[in-house]
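If you want the building blocks of each chain, they are given just below.
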Amino acid sequence: METSINSTTSSLFQWLGLIEDYDQPSTSTLPRVITLLALILGKMIQKNEKSLHTRHNKEGEITMFHGSRAPSMNIHRYTERVYRYARCSPACFVAAFAYILRYLETPVATSMTPRLTSLNVHRLLITSLLVAAKFLDRKCYNNAYYAKIGGVSTEEMNRLERTFLFDVDFRLNITAEMFERHCLVLQRETVTCEPRKLRTVLGEVTCSCQAI
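All figures in this text were calculated on a predicted structure; none of them were measured in a lab.

Calculation notes
- Residues numbered from 1 in each chain as written.
- Predicted model: local features only at pLDDT ≥ 70, side-chain atom pairs only at ≥ 80, totals over all residues.
- Heavy atoms only, no water.
- Helix = DSSP H or I, 4+ residues; strand = E, 2+ residues; numbered from the N terminus.
- Buried < 20%, exposed > 50% of the residue type's maximum accessible area, 1.4 Å probe, protein only.
- Contact = heavy atoms within 4.5 Å.
- Areas by Shrake-Rupley, 256 points an atom, 1.4 Å probe, with all protein chains shown as cover.
- pLDDT = per-residue confidence, 0-100.
- Disulfide = S-S within 2.5 Å.
- Phe/Tyr/Trp six-rings, centres within 6.5 Å; stacked < 30°, edge-to-face > 60°.
- Core = buried A, V, L, I, M, F, W, Y, C linked by side-chain atoms within 4.5 Å.

Some words on the overall build of the protein chain
Here is step 1: Across its full length, the protein chain carries nine helices and zero strands.
Here is step 2: For the protein chain, the α and β elements follow one another from N to C terminus as α-α-α-α-α-α-α-α-α.
Here is step 3: Residue burial in the protein chain is summarised as follows: out of 212 residues, 46% are buried.
Here is step 4: Taking contacts inside the protein chain between residues at least 6 apart in sequence as the whole, the part at least 24 apart equals 77%.
Here is step 5: Surface accessibility of the protein chain: about 11200 Å² in total, with carbon and sulfur atoms responsible for 50%.

Regarding the confidence of the model for the protein chain
Here is step 1: Averaged over all residues, the pLDDT of the protein chain equals 82, while 75% of them reach at least 70.
Here is step 2: Long-range and interchain partners of residues 192-212, a stretch whose pLDDT sits below 50, account for 38 contacts in this model, where long-range means more than four residues apart.

Notes on the state of the cysteines
Here is step 1: What the rule picks out here adds up to zero disulfides.
Here is step 2: Between Cys92, a cysteine without a disulfide, and Cys88, which holds the nearest cysteine sulfur, the sulfur-to-sulfur distance is 4.4 Å.
Here is step 3: On the basis of relative accessible area, Cys92 is assigned to the buried category, the value being 0%.

Some words on unusual backbone geometry
Here is step 1: Although it is not a glycine, Arg87 adopts a positive phi angle of roughly 55°.
Here is step 2: Mapped onto the fold, Arg87 is located in the loop between α3 (75-86) and α4 (91-105).
Here is step 3: Residue Arg87 is classed as partly exposed on the basis of its relative accessible area of 44%.
Here is step 4: Residues other than glycine seldom take positive phi values, yet Phe170 does so here, at roughly 60°.
Here is step 5: Mapped onto the elements, Phe170 comes out in the loop between α7 (154-167) and α8 (176-187).
Here is step 6: Its relative accessible area of 45% is what places Phe170 among the partly exposed residues.

Considerations on the packing of aromatic side chains
Here is step 1: Enumeration over the complete set of coordinates arrives at seven aromatic pairs.
Here is step 2: Both rings, one in Phe65 and one in Tyr103, keep their centres 5.3 Å apart while their planes meet at 75°; by these two values the pair is edge-to-face. Placement of Phe65 in the loop between α2 (32-53) and α3 and of Tyr103 in helix α4 is noted, with a sequence separation of 38 residues between them. By the burial criterion, Phe65 is buried, and Tyr103 matches it.
Here is step 3: Plain terms: the ring middles of Tyr103 and Phe164 are 5.8 Å apart, the flat faces sit at 20° to each other, and that makes the pair stacked. Of this pair, Tyr103 sits in helix α4 while Phe164 sits in helix α7, and the two are 61 residues apart along the sequence.

Let's talk about the nonpolar core
Nonpolar side chains in soluble globular proteins tend to end up buried together.
Here is step 1: By size, the foremost hydrophobic cluster in this structure holds 58 residues, and its most contacted members are Leu41, Phe93, Leu116, Tyr146 and Leu186.
Here is step 2: Listed by contribution, the elements that provide at least two residues to this core are α1 (7-16), α2, α3, α4, α5 (121-136), α6 (143-150), α7 and α8.
Here is step 3: In terms of residues, this core owes the most to one element, α4, which gives 13 residues.
Here is step 4: Those residues in contact with Leu186 that lie beyond four places of it in its chain are Leu16, Val33, Leu36, Leu37, Ile40, Val94 and Phe97.

Written out as structure tokens, the structure is:
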């Protein structure tokens, strides 16, 4: 990812909590990016599940990332937990957001577009964050540690990572422009926006923005 940024972008990154001392991360204050990511994921889940309740045919919705039932910990608490224990850079959460959108663009074996729900969001988040940390950070905990954070076995964490990488066709690179666009989407969660405006900000990433 390119490192040169202008002053406006720098201010945006600082506001989201992306610019800080990563060697001594704060344990008392959450960066805004964590709260805003959880908020967006929560909205996507709410919209998608409302849509699914009105459908009679739900075949093709189940993937390896789906659980048999929704975890007791909601996505807001789960995102906060992952941040506190994974100790990866806040920028990884922006990258994880981008990776989740890429995954949601990809049709599953049934040619249906996957949807984010309370049954798959936890596994998708922990997996995309693991991949982002390995790709972006200088240091990263291993899969066994992320499995403990995420509440899955090491074997399952390995399978989830492998499946996720193939599903996104190993497209992990994020340009500076793409990174900034996703930061803008997160920033706009602090104001009331029409879903159509969020889709415009994301540009070509359109698959799951319809669910925001």
